[in-house]
Amino acid sequence: MKLFNSKRVVALLSALVLTLGAFVLPVSADEPWNDAILDWGVECEGEHTYDTEYGYRCTKCGAYRIVIVTAPKSTYGKEGETVQITVKAEGYGNLTYQWYIRNATGKTYSKSSVVTDTYSVALSEKSHNRRIYCIITDGVGNQVQTDTVLVRRQATITKEPSTAIYAKMGATASVKMTAVGEDLKYTWYVKDSGKSGYSKSSITKSTYSVKMSTKVKNRLVYCIVKDKYGKTVKSTTVKLKMK
């Protein structure tokens, strides 16, 4: 006598699989799944509830997310200086990074060659006011975009004045300097021999000029340059000498 009917067993097993199929969960908690890959049949109301132990997944619906731990920030730097913008993120699998940039005169963003978590750029006229953001992708294809930040070139003296300027009595002594930046303002300070401190000059240009006299002889002069962002830089101190 047969103990079982093989056809009947197969039919019963098939029915059982169909009945339980909707309740089958991943065998491994490390299996890469998200709400685009696996439908648990559970809708999250409001915010997801994430468990960081297995790569920031929702304990209700299985959705993964990327967490930006440290967001990039706008930064300043001097002419020629290399500045860095960094983003720190966590998520499932190996995260990849793609930075996008748009220069001040540009209309659209272009893909940068930088594919790490840190974007570096040397500040110049071209890179001043460059807009930058990063798209981060996790191991299952989820993506998140950072806020857009700026790199700005702050007031920078590109050519310092000479430390000593010579002029004959009655001749004009001129202290010249060259600076770059946005909406620069110049404030000159002077100190004559015998004075204890500096006083503000009325000259507001990039060149300080004065006729040489016994009062002006050995006068000390320097300039504070300020840009529209409030960043300042101080020039070297110059001594006016009589020939």
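Counting from 1, residues in each chain are numbered in the order their sequence is written. The predicted origin of the model limits local features to residues at a pLDDT of at least 70 and limits the giving and counting of side-chain atom pairs to 80 or more, whereas totals for whole chains, interfaces and linings rest on all residues. Computation of side-chain values: all heavy atoms of the structure, hydrogens and water removed.

Draft legend 1. Structural view of unusual backbone geometry. Phi is positive for Asp183, which is not a glycine, with a value near 50°. Notably, Asn218 is not glycine yet its phi reads approximately 70°, a positive angle. If you trace the backbone, Asn218 turns up in the loop between β19 (207-211) and β20 (220-226). Accessibility expressed as a relative area gives 28% for Asn218, which makes it partly exposed. Helix numbering and strand numbering both begin at the N terminus, where a helix is a DSSP run of H or I of at least 4 residues and a strand a DSSP run of E of at least 2. Summary of the burial criterion: residues with accessible area below 20% of their type's maximum are buried, those above 50% are exposed, and those between are partly exposed, where the area comes from a 1.4 Å probe applied to protein chains only.

Draft legend 2. A look at the pairing of strand β7 (residues 96-102). Within β7, 6 of the 7 residues are buried, which leaves it mostly tucked inside the rest of the structure. Pairing geometry for β7 and strand β10 (residues 130-137), over 7 bridges, is antiparallel. Counterpart to Gln98 in the pairing with β10 is Ile135. Bridge analysis of β7 against strand β8 (residues 110-111) gives 2 bridges, and the strand direction is antiparallel. Here a strand pair is declared whenever DSSP counts at least two bridges between the two strands.

Draft legend 3. Representation of the pattern of salt bridges in the model. The term salt bridge refers to a pairing of a side-chain nitrogen on Lys or Arg with a carboxyl oxygen on Asp or Glu at a separation within 4 Å. The tally for this structure, following the rule as stated, stands at 5 salt bridges. Between Glu125 and Arg153 there is a salt bridge, with the nearest N and O atoms lying 2.7 Å from each other. Separated by 28 residues along the polypeptide, Glu125 in the loop between β9 (118-122) and β10 and Arg153 in strand β12 (residues 149-153) bring together distant segments of the chain. In this structure, Glu182 and Lys228 form a salt bridge, with 3.6 Å as the shortest nitrogen-oxygen distance. Taken together, the positions of Glu182 in the loop between β16 (178-180) and β17 (185-191) and Lys228 in the loop between β20 and β21 (232-234) put the pair 46 residues apart, joining distant regions of the chain. Accessibility expressed as a relative area gives 46% for Lys228, which makes it partly exposed. Taken together, the salt bridges that share partners define one network made up of Glu79, Glu125 and Arg153.

Draft legend 4. Representation of the side chain of His128 within the structure. Structurally, the position occupied by His128 is in the loop between β9 and β10. Here His128 falls in the buried class, since its relative accessible area comes to 9%. At a separation of 2.7 Å, a polar atom in the side chain of His128 contacts the side chain of Glu182. Contacts: residue pairs with any heavy atoms within 4.5 Å of one another. Residue contacts for His128: discarding those within four places in its chain leaves Ala104, Val151, Arg152, Arg153, Glu182 and Tyr229. We define a polar contact as two N or O atoms separated by no more than 3.5 Å, with the added condition that, inside protein, one atom must be a possible hydrogen donor and the other a possible acceptor, whereas residues neighbouring each other in sequence contribute only through side-chain atom pairs.

Draft legend 5. Fine view of the nonpolar core. The set of buried Ala, Val, Leu, Ile, Met, Phe, Trp, Tyr and Cys residues whose side-chain atoms join them within 4.5 Å is what this entry labels a nonpolar core. Ranked by internal contacts, the top residues of the largest apolar core, which has 22 residues, are Met177, Tyr186, Trp188, Tyr208, Val225 and Leu240. Those elements that place two or more of their residues in this core are β14 (164-167), β15 (172-176), β17, β19, β20 and β22 (238-242).

Draft legend 6. The arrangement of the packing of aromatic side chains in detail. Pairing of aromatic rings covers Phe, Tyr and Trp, the last through its six-membered ring, and needs centres within 6.5 Å; plane angles under 30 degrees mean stacked, over 60 mean edge-to-face, and all others mean tilted. Throughout the structure, instances matching the rule amount to 7 aromatic pairs. Ring geometry for Trp99 against Tyr119: centres 5.9 Å apart, planes inclined by 45°, an arrangement best described as tilted. Taken together, the residues Trp99 in strand β7 and Tyr119 in strand β9 connect sequence positions 20 residues apart. For the pair Trp99 and Tyr119, one class covers both residues: buried. Relative to Tyr222, the ring of Tyr198 lies with its centre 4.9 Å away and its plane at 70°, an arrangement referred to as edge-to-face. With a gap of 24 residues between them, Tyr198 in the loop between β17 and β18 (199-200) and Tyr222 in strand β20 connect regions that are remote in the sequence.

Draft legend 7. Here's a closer look at the environment of Trp188. On the secondary structure map, Trp188 appears in strand β17. Relative accessible area serves as the criterion here: at 0%, Trp188 is assigned to the buried category. Within the local environment of Trp188, its side chain forms a polar contact with the backbone oxygen of Lys205, the two atoms lying 2.7 Å apart.

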